[in-house]
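# Per-entry structural report
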Amino acid sequence: MAMAPPIKVFLGSFAFAVFWVLAVFPAVPFMPIGRTAGSLLGAMLMVLFQVITPDQAYASIDLPILGLLFGTMVVSVYLERADMFKYLGKLLAWKSQGSKDLLCRICLISAVSSAFFTNDTSCVVLTEFVLKIARQQNLPPHPFLLALASSANIGSSATPIGNPQNLVIAVQSKIPFGEFLFGIVMAMLVGVFVNALILLCMFWKVLSVQKDEEEPPVEVSTQEDMNSHRFSPATMSHLSSQTSHELAASLDAMSHHLHNSPGVNGTLDNLTLRNRITLSDEIHTPKDITVTENGNGIGNGDSGLGLEEKDEKSAKWKIMLWKTGVYVITIGMLVSFLLGLNMSWTAITAALALVVLDFKDARPCLEKVSYSLLVFFCGMFVTVDGFNRTGIPSAVWDFMEPYAQIDHISGVAILALVIVVLSNLASNVPTVLLLGARVAAAAASISPEKEKKAWLILAWVSTVAGNLSLLGSAANLIVCEQARRAQNFGYNLTFWAHLKFGVPSTIIVTAIGLTLIRA
């Protein structure tokens, strides 16, 4: 693409600079409006400065990417409701053999969950588990938080649904899910192993301070943690019989709602509250009177207890069937991806199948979708397309192209270096949007296999590059913020503490992975 007129180049560069500053530093003092609003501001300036027309702006928004992103986010919401991530958290502490074993488990579980449920989601739900386990075993959180964030980024590189930049690459390159997975999976597995090895080498002394055999690992009980913050009638010993019956009546309403809302937590809480009310009632009521489901007393306590047990068993079976349905639909979505079906519509279909399976108002679940991220992508598509129309990216690539041919080792190294630098300066998704088509076109002039490999190299390097610094990826920032805000066991992961590990890990893992990518 030829360079645009100077005034268009200047105004387009200014609009892109505004977007870049607000995307990388969303809370700058002179414009603290955040990433999403900054993305829309950059898009609006591109249209206002006539760098891009309104029709071109709308056409630049990639609907298949937005559909795939929306569908996978909805599926993740229902998986979280089905306790998928709670089970993953329990795996971290199950029969743990000490701090080093725990660190390796975090690396593996974080990587695998990120590959199929996105790195951001995995970091959101696993950070608190990691902090709890570190606190319970009297271990420093620092190496475990680094293991979680860095492994999540490495693991997410293996699939098109692992992170946003891979979504863009999969849609633009039209590489099937299975070919994408098998092209990068070996690099991902070796990368996770090497990353864990680097962590062990850097923090061996810290992890060896407390001998593993002196204190057995403690199982994490998330249910107890949640129950400890909830209202417990049993602690109110001054309750009268009338008050107890009023509470029982209110529990009936809760029971009706919980029995129709699948979720283990609700059922366990219902059982706990009922048992506590029954104990309170025994103080004030005859032994042959039992509070039943409708709140009335009946003469035979055994028959009332039998009805309750039947209802609770029925509720448990409904919950198990619902969870099974969620997992089956999710596996069906992944299998459909592997069979080469359209990923965007497959993800949306799976999301709507889960909504229908839930069989109730989907608004609470749909409200958990990050619509601000979808809006951010819309603004980013427009802004990047406008910047491309200035001709600057093409001119830069024309200069770099002779030195970045992927049929030579030196060319691959230079290309990887450019991607790492841009991914940390301009963020990984804009980097993919700016470089993707150009890198692929240059590789296609060599052979179709090289074109496919170029896309996979772009996916691998742009993702692993996120480990370089704390600002390199959203997953890093999520772990940092989640850890800082955690109640009772918060921890501040600093920029420099992350950088000391991030630089060597990124360089070594990226270099090793490049040798293992297969087209």
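Model, not experiment: these values are computed from the prediction.

Analysis parameters
Residues numbered from 1 in each chain as written. Predicted model: local features only at pLDDT ≥ 70, side-chain atom pairs only at ≥ 80, totals over all residues. Heavy atoms only, no water. Helix = DSSP H or I, 4+ residues; strand = E, 2+ residues; numbered from the N terminus. Contact = heavy atoms within 4.5 Å. Areas by Shrake-Rupley, 256 points an atom, 1.4 Å probe, with all protein chains shown as cover. Phe/Tyr/Trp six-rings, centres within 6.5 Å; stacked < 30°, edge-to-face > 60°. Buried < 20%, exposed > 50% of the residue type's maximum accessible area, 1.4 Å probe, protein only. Salt bridge = Lys/Arg side-chain N within 4 Å of Asp/Glu carboxyl O. Expected span 1.5 Å × (residues − 1). Polar contact = N/O pair within 3.5 Å; in protein donor to acceptor, adjacent residues only side chain to side chain. pLDDT = per-residue confidence, 0-100. Axes fitted to C-alpha atoms, helices over the stretch in contact; angles between N-to-C directions. Parallel < 35°, antiparallel > 145°, perpendicular 65-115°, else oblique. Left-handed = near helix turned anticlockwise from the far one by under 90°. Nonpolar A, V, L, I, M, F, W, Y, C, P; charged D, E, K, R; others polar. UniProt positions renumbered as here; feature names shortened; annotations may be inferred. Core = buried A, V, L, I, M, F, W, Y, C linked by side-chain atoms within 4.5 Å. Patch = residues over 30% accessible without salt bridge, like charges linked within 9 Å, V, L, I, M, F, W, Y side chains within 5 Å.

Let us look at the overall build of the protein. Along the backbone of the protein there are 24 helices and two strands. Restricting to contacts in the protein with at least 6 residues of sequence separation, those with at least 24 account for 77%. For the protein, the exposed area adds up to about 24,100 Å²; of that, 67% sits on carbon and sulfur atoms.

The next subject is the packing of aromatic side chains. For the structure on display, the rule yields ten aromatic pairs. Between phenylalanine 376 and phenylalanine 377, the ring centres sit 6.3 Å apart and the planes meet at 75°, which makes this aromatic pair edge-to-face. Each member of the pair, phenylalanine 376 as well as phenylalanine 377, carries the same accessibility label: buried. Ring geometry for phenylalanine 399 against tyrosine 403: centres 6.2 Å apart, planes inclined by 55°, an arrangement best described as tilted. Overall, phenylalanine 399 belongs to the exposed group, its relative accessible area being 58%.

For the structure on display, the rule yields seven salt bridges. A salt bridge links lysine 132 to glutamate 128, with the nearest nitrogen and oxygen atoms 3.9 Å apart. Highlighted residues: lysine 132 and glutamate 128, both in helix H7 (residues 119-136), separated by four residues, approximately one helical turn.

Before going further, it helps to spend a moment on helix H16 (residues 343-358). Spanning 16 residues, H16 covers 23 Å between terminal C-alpha atoms, matching the ideal 22 Å at 1.5 Å per step. Its side-chain oxygen placed 3.1 Å from the backbone nitrogen of serine 344, asparagine 342 serves as the N-cap of H16. Just downstream of H16 lies phenylalanine 359, where phi reads positive at about 60°.

Residues of the protein with pLDDT of at least 70 account for 80%, and the chain-wide mean is 79. Throughout residues 211-300 the model reports pLDDT below 50, and contacts reaching past four residues in sequence, or to other chains, amount to 118 contacts.

A separate point is the packing of helix H18 (residues 371-389) against helix H21 (residues 428-444). Between H18 and H21, whose axes approach to 10 Å, the crossing angle comes to 45°. It follows that H18 is oblique to H21 by the angle criterion. The two elements H18 and H21 cross, and the hand of that crossing is right-handed. In contact with Phe377, Met380, Phe381, Val384, Phe387 and Asn388 of H18, H21 contributes Val429, Pro430, Leu433, Leu434 and Arg438. A class-by-class count of the residues in the contact of H18 with H21 yields nine nonpolar, one polar and one charged.

At a closest axis distance of 11 Å, the pairing of helix H19 (residues 392-400) and H21 adopts a crossing angle of 40°. Regarding the angle of H19 to H21, the classification is oblique. The hand of the H19/H21 crossing is right-handed. Across the interface between the two elements, Pro393, Ser394 and Trp397 of H19 pack against Leu434, Leu435, Arg438, Val439 and Ala442 of H21.

Considering the arrangement of structural elements, one finds alanine 15 in helix H1 (residues 6-24). Spatially, the C-alpha atom of alanine 15 lies 9.4 Å from that of valine 51, the residues being 36 residues apart in sequence. Sequence-distant contacts of alanine 15, defined by excluding residues within four places in its chain, comprise Gly42, Leu45, Met46, Phe49 and Thr383.

Glancing now at the UniProt feature "transmembrane region" (unreviewed entry) in the protein. Under the present numbering, the feature "transmembrane region" (unreviewed entry) in UniProt falls on residues 6-25, 58-79, 180-207, 326-357, 369-388, 408-435, 455-475 and 495-517. Measuring from the first to the last C-alpha atom of residues 180-207 gives 36 Å, for a span that is 96% helix and 0% strand. Along residues 369-388 the backbone is 90% helical and 0% strand, and the end-to-end C-alpha distance reaches 30 Å.

Residues Tyr78, Phe144, Phe337, Phe377 and Trp460 are the most contacted members of the largest nonpolar core, which totals 140 residues. Here this core takes twelve residues from helix H10 (residues 177-202), the largest share from any one element. Those residues in contact with phenylalanine 377, other than ones at most four positions away along the chain, are Ile65, Leu66, Leu69, Pro164, Val168 and Val429.

Below, the discussion takes up a nonpolar patch on the surface. Taken together, Phe25, Leu471, Phe495 and Trp496 make up a surface patch of nonpolar side chains, about 410 Å² in accessible area. In this structure, phenylalanine 25 sits in the loop between H1 and helix H2 (34-48).

This part covers the side chain of aspartate 358. Checked against the element boundaries, aspartate 358 lands in helix H16. Using a relative accessible area of 6% as the deciding quantity, one classes aspartate 358 as buried. Side chain to side chain, aspartate 358 and arginine 81 meet in a polar contact 2.8 Å long.

This part is about the environment of asparagine 119. Summarising the element assignment, asparagine 119 is placed in helix H7. Considered as a pair, asparagine 119 and isoleucine 154 are 35 residues apart in the sequence and their alpha carbons are 8.9 Å apart. Once residues within four sequence positions are removed from consideration, asparagine 119 is found in contact with Ser114, Ala152, Asn153, Ser156, Gly162, Asn163 and Ala475.

Looking now at the side chain of serine 462. With respect to the helices and strands, the residue serine 462 is situated in helix H22 (residues 448-464). Here leucine 458 takes part through its backbone oxygen, which lies 2.6 Å from a polar atom of the side chain of serine 462. Among the polar contacts made by the side chain of serine 462, one reaches the main-chain carbonyl oxygen of alanine 459 at a distance of 3.4 Å.

Positioned with a positive phi, lysine 174 is a non-glycine residue whose angle comes to about 60°. Mapped onto the elements, lysine 174 comes out in the loop between helix H9 (164-173) and H10. Residues other than glycine seldom take positive phi values, yet phenylalanine 359 does so here, at roughly 60°. By the element assignment, phenylalanine 359 lies in the loop between H16 and helix H17 (363-366). Looking at phenylalanine 359, the relative accessible area reads 76%, which means it is exposed.

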